[in-house]
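Fold and geometry: a report
Single-letter residue listing:
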Amino acid sequence: MKLLWMRLGAFLGKTLLWLLGLGVLGWAVATAWFAWHHRGPVSNQELIPAGEAAMTQAIIQTAVRIVDQHRESTRYLRDAHAKAHGCVQAEVQVLPELAGDLRQGAFSEPGKTWQATMRLSNGNAYPQFDSIRDARGMAIKLRDVPGKQLLGDQADRAEQDFVMFSHPNFFVSDVAEYRQNVAAQADGKKAMAFFPSWDPRSWQVRHLFIALATLSPAPESPTRTTYFSVSPYKFGEANAKFRVIPDPDSCPAYTLPAQNQKLPNFLRSALYQQLSTDRMPACFVLQIQRQDASKYMPIEDTSIEWQESDAPFQTVARVRVPAQDFDTPAQNLQCDNLSFNPWFGIEAHRPIGGINRLRKAVYEAVSDYRHDRNAGEDRR
């Protein structure tokens, strides 16, 4: 019996070693394939695939279905980023010493200060406890921006919106993948979102890991995390992504008191503690990362993070959120009614790529659907 157990142990040991070796080999092959498949150069122009318009219409129907599923008793919520921590007033100042090639669009005038509204939020389509792993969102709306608006029926807006969330890349590549993914989630089949069939070639394992990384633990405060555009935009004649990162050195020194993270809305409480109770401002910088088309920095695949080693981020403006009172019923209702859309803006910052083209149609359709049912809202 002892000899049998020894032989069994040796067999299991060899089997585990073989499995480990196969795993390492598989990882090496997958890494090599990814590096070979995802290498530059890339196009610096948009490439619109056939059938994208039809897929967009299907996604709009699914997005409306999600809004219906997550409706509160008296209100229709956004299909994403439904829960706001607050809308606050901010100042966005273009760097006084900004280099000439970075003076584009809203950043054309060095030293110019824009008055802005900032919405901070959780990413989920349904309001949930802040302690639950989630993406976090930041949207910034510059006011009184001159120039022709991208949307012809919104000519009186005079706004420039920047819409971001707390991860540098997205868990889908394009409109086709987004359609399949969001439909599975709307049907309550979350596992099928990344494994649409029994065919391993259809599995999106890398995108699953991106999604898991996106659902991160809550930050200490909405003012203590970095936000990314994920998708690309025009920046004058260049293509670029942007991000907003905390810049505590530009504000008075401040230590946020520990928050009770068991409370459902502790991120709102943290924001209120800093801005309203302690009367301390929050500071950020807004940066852009211009595409180098000789590197693998694609426009049409939002699952690919543009590496800083290929193109560094450059600061174009400072963002200051002054001490303020923002958490009243009237202000919160106004915050919920506000629409943020990357297509609210001017040609110099036009959204590009498939996911942004999708956003143009979906944001408008879902916003109209919500506002029509939430009768009497301010559609701005």
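Residues numbered from 1 in each chain as written. Predicted model: local features only at pLDDT ≥ 70, side-chain atom pairs only at ≥ 80, totals over all residues. Heavy atoms only, no water.

The name given to the protein chain in an unreviewed UniProt entry is Catalase family protein, and the organism recorded there is Pseudomonas neuropathica.

1. Examining the overall build of the protein chain
As a reminder of what qualifies: A run of H or I in DSSP becomes a helix once it reaches four residues, and a run of E becomes a strand once it reaches two; helices and strands are each numbered from the N terminus. With a 1.4 Å probe rolled over the protein chains alone, any residue whose accessible area is under 20% of its type maximum counts as buried; one over 50% counts as exposed, and the rest are partly exposed. In this analysis, two residues are considered to be in contact whenever any of their non-hydrogen atoms come within 4.5 Å of each other. Shrake-Rupley sampling with a 1.4 Å probe provides the accessible areas, and residues are treated as covered by the protein chains on show and by no other component.
Regarding its fold elements, the protein chain presents 7 helices and 9 strands. For the protein chain, the proportion of its 380 residues judged to be buried stands at 48%. In the protein chain, the proportion of contacts linking residues at least 24 apart, taken out of those at least 6 apart, comes to 75%. Counting only carbon and sulfur atoms, one obtains 58% of the accessible surface of the protein chain, whose full area is about 19000 Å².

2. Quick word on the pattern of salt bridges
What counts here: Salt bridges are identified by distance alone: a Lys or Arg side-chain nitrogen within 4 Å of an Asp or Glu carboxyl oxygen.
Under the definition given, this model contains 17 salt bridges. Between Arg-143 and Glu-159 there is a salt bridge, with its nearest N and O atoms 3.2 Å apart. With Arg-143 in the loop between strand E3 (136–142) and strand E4 (160–165) and Glu-159 in the loop between E3 and E4, this residue pair connects regions lying 16 residues apart in the sequence. Overall, the relative accessible area of 26% leaves Arg-143 in the partly exposed class. With relative accessibility at 1%, the residue Glu-159 sits in the buried group. The network of salt bridges with common partners includes Glu-46, Glu-52, Glu-300, Glu-347, Arg-350 and Arg-357.

3. A closer look at the environment of Glu-364
Take Glu-364: it is sitting in helix H7 (residues 354–373). Taking the C-alpha atoms as reference points, Glu-364 and Ile-60, 304 residues apart in sequence, are found 9.6 Å from one another. Setting aside its immediate chain neighbours within four residues, Glu-364 contacts Asp-153, Asn-341 and Arg-359.

4. Focus: the nonpolar core
How we decide: Among the buried residues, those of types Ala, Val, Leu, Ile, Met, Phe, Trp, Tyr and Cys that are joined through side-chain atoms within 4.5 Å form a nonpolar core.
Ranked by internal contacts, the top residues of the largest apolar core, which has 38 residues, are Phe-107, Met-118, Met-138, Ile-140, Leu-142 and Val-316. With 13 residues, the next largest nonpolar core counts Phe-165, Phe-170, Ala-184 and Val-230 among its residues.

5. Points about unusual backbone geometry
Here Asp-144, not a glycine, exhibits a phi torsion of approximately 55°, which is positive. Turning to its location among the elements, Asp-144 is positioned in the loop between E3 and E4. The exposure class of Asp-144 is exposed, given its relative accessible area of 64%.

6. Quick notes on the state of the cysteines
Stated precisely, the cut-off is as follows: Disulfides are defined as pairs of cysteine sulfur atoms found within 2.5 Å of each other.
Taken as a whole, this structure holds 2 disulfides when the rule is applied. A sulfur-sulfur distance of 2.1 Å marks the disulfide that ties Cys-87 to Cys-335. Since a negative S-S torsion denotes a left-handed disulfide, the Cys-87-Cys-335 link at about 65° is right-handed. Taken as a pair, Cys-87 in strand E1 (residues 84–94) and Cys-335 in helix H6 (residues 329–337) lie far apart in primary sequence, 248 residues in all. Judged on exposure class, the residue Cys-87 and its partner Cys-335 are both buried. Residue pairing for Cys-251: its cysteine sulfur links by disulfide to Cys-283, the two sulfurs lying 1.9 Å apart. An S-S torsion of about 75° defines the bridge between Cys-251 and Cys-283 as right-handed. Of the two residues, Cys-251 sits in the loop between strand E7 (238–246) and helix H5 (266–277) while Cys-283 sits in strand E8 (residues 282–290), which places them 32 residues apart along the sequence. Here Cys-251 and Cys-283 have matching classes, each one buried. When the bonded cysteines of the protein chain are numbered from the N-terminus onward, they pair as 1-4, 2-3.

7. Overview of helix H4 (residues 205–214)
Given 3.6 residues per helical turn, the α-helix brings residues three or four places apart onto the same face. Worth spelling out the cut-off: Arc definition: directions from the helix axis to the C-beta atoms.
Those residues of H4 not exposed but buried are His-207, Ile-210, Ala-211 and Thr-214. Buried residues along H4 cover an arc of 100° about the axis, so they all sit on one side. Looking at the buried positions of H4, the neighbouring elements they touch are E4 and helix H3 (175–186).

8. A look at the pairing of strand E9 (residues 314–321)
Heads up, the rule is: In this analysis, strands are considered paired if DSSP registers two or more bridges between them.
With 4 bridges joining them, E1 and E9 adopt antiparallel strand pairing. Across the sheet, the residue bridging to Val-92 is Val-319, located in E9. Alignment of E8 against E9, held across 7 bridges, turns out to be antiparallel. From the neighbouring strand, Val-285 faces E9, where its bridge partner is Arg-318.

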